[in-house]
Amino acid sequence: MNNNLSELTIVIVTYKTNVDILKNCLNSINTKIKTLIIENSNYFENKKEIEDQFSDVEILCTGLNLGYGGGNNYGLKHVSTKYALILNPDIICSDSFFLNIKKYLEGNIDFSLIGSIYEEHTNYKPAGFFNNKDLKNAKFINEFNLYEVDWIAGHAILINLEKFKEKKLFDENFFLFFEETDLCMKVKKRNEKVYMCPDLKLDHLGWKGSFATDNNLEEESDRLRNWHYMWSFFYYHKKNYGYMYAFTKSFSRLLRSIVRIIFYLITFNKKQRIIYTYRFLGLINSILLKKSYFRINLKDQ
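First, a word on what this report is: a plain description of the structure on this page. As the structure is a computational prediction, the values presented were derived from the model and not from experiment.

## Focus: helix H8 (residues 270-287)
Next, step 1: Between the first and last C-alpha of H8 there are 26 Å, a value that for 18 residues agrees with the 26 Å anticipated at 1.5 Å per step.
Next, step 2: For H8, every residue scored as buried is listed here: Ile274, Ile275, Tyr276, Tyr278, Arg279, Gly282, Leu283, Asn285, Ser286 and Ile287.
Next, step 3: Elements in contact with the buried residues of H8: helix H6 (218-241) and helix H7 (243-266).

Dropping the structure here:
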């Protein structure tokens, strides 16, 4: 590996993350790269175990749960290199990931953000366009094997920090969902470049990076995800397109949630009733311009 990897720092935000899932992620990272684990609470239970096993890893605790955007902002403040790579803790980088990433650290291509793709087939889209046009229409940069897109998924983002005047990249009004889409929107409004790279391959477990792996907390996880998905959905569209656009785009989802709450109530389907109740609550709070306040209070948060 060339020394340009010394210009890269990895930031991984955790919250009560399963230690084996985190270790699998860390084992897939090149050991020449400094990695910051940002624990979104006041205590990291496996701190000594991780730091003894991974000498290139530093663990910092935020003191409280700041969410995805706030946690990454906290981590980026501690980055002194030119580039940062945001990774979810439930990511496993391919064997060629860090071999291929080197060419984007040499300063030969102008970019603000570069996203990755999934090594295995998945329903998650790795990138796209704000007007929903097909990815086949993306502009291809052959020399670097990049596709110019409008947005990239937030599970893995290579950031050129020289493009940002301050390291508070993410809007901390978001707690979960749409933070990276909002960041991409900000970058595109400045006429800067967002790319998707098919050479940067990884496996993504999906929603396994926090307490959601604990079967005893499945109901709490459902509440948190669904509340914040709908809150963030409205807030993102209001922020970038205006209140009436966001309301029009959200109204059918509001009605759908009400209908499904009633249906699942009379059919005694508790799990689905909880999901749509919290989707409704998240959306109605966002429509009423209330802050993203809903949290799950776990021990030692």
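## Re the pairing of strand S2 (residues 34-39)
Next, step 1: By the criterion of burial, S2 is predominantly enclosed, with five of the six residues buried.
Next, step 2: Inspection of the sheet shows strand S1 (residues 8-14) paired to S2 by six bridges, in the parallel sense. Within the sheet, the bridge partner assigned to Val13 lies in S2 and is Ile38.
Next, step 3: Each parallel crossover has a hand, and for S1 linked through helix H1 (residues 19-27) to S2 it is right-handed.
Next, step 4: Here S2 pairs with strand S3 (residues 57-61) via five bridges, running parallel. Note on S3: the bridge partner recorded for Thr35 is Val57.
Next, step 5: Remark: the S2/helix H2 (residues 47-53)/S3 crossover connection has right-handed handedness.

## Overview of unusual backbone geometry
Next, step 1: One non-glycine residue, Asn132, lies in positive phi territory at about 65°.
Next, step 2: By the secondary structure assignment, Asn132 is in the loop between strand S7 (127-128) and strand S8 (139-141).

## Things to note about the packing of aromatic side chains
Next, step 1: Here the structure, examined in full by the defined rule, presents 20 aromatic pairs.
Next, step 2: Measuring from centroid to centroid gives 5.4 Å for Phe177 and Tyr229, while their planes differ by 80°, and the two rings are edge-to-face. Of this pair, Phe177 sits in the loop between strand S11 (156-160) and helix H5 (179-189) while Tyr229 sits in helix H6, and the two are 52 residues apart along the sequence.
Next, step 3: Using a relative accessible area of 26% as the deciding quantity, one classes Phe177 as partly exposed.
Next, step 4: Consider the rings of Phe234 and Tyr243, whose centres lie 5.3 Å apart with planes at 80°: the pair is edge-to-face.
Next, step 5: The class for Phe234 is buried, based on a relative accessible area of 0%.
Next, step 6: An aromatic cluster is built from Phe177, Phe178, Tyr229, Phe233, Tyr236, Tyr241 and Tyr245, whose rings are joined through pairwise contacts.

Calculation criteria
Within each chain, residue numbers correspond to sequence positions counted from 1 in written order. With the structure being a predicted model, the display of local features is reserved for residues of pLDDT at least 70 and the display and counting of side-chain atom pairs for 80 or more, all residues being used for whole-chain, interface and lining totals. The basis for every side-chain value is the complete set of heavy atoms in the structure, and neither hydrogens nor water enter the calculation. Secondary structure elements follow DSSP: runs of H or I no shorter than four residues count as helices, runs of E no shorter than two count as strands, and numbering proceeds from the N terminus. To estimate how far a helix should extend, the number of its residues minus one is multiplied by 1.5 Å. In this scheme, a residue with accessible area under 20% of its type's maximum is buried, one over 50% is exposed, and one in between is partly exposed, where area comes from a 1.4 Å probe on protein chains only. Contact criterion: two residues are considered in contact whenever any of their non-hydrogen atoms come within 4.5 Å of each other. Pairing between two strands requires that DSSP report at least two bridges joining them. By convention a crossover is right-handed if, when the strands point away from the viewer, the path from the first strand over the helix to the second runs clockwise. Here is the rule: rings of Phe, Tyr and Trp (six-membered ring for Trp) pair when centre to centre is within 6.5 Å. Planes less than 30 degrees apart are stacked, more than 60 are edge-to-face, and the remainder are tilted.

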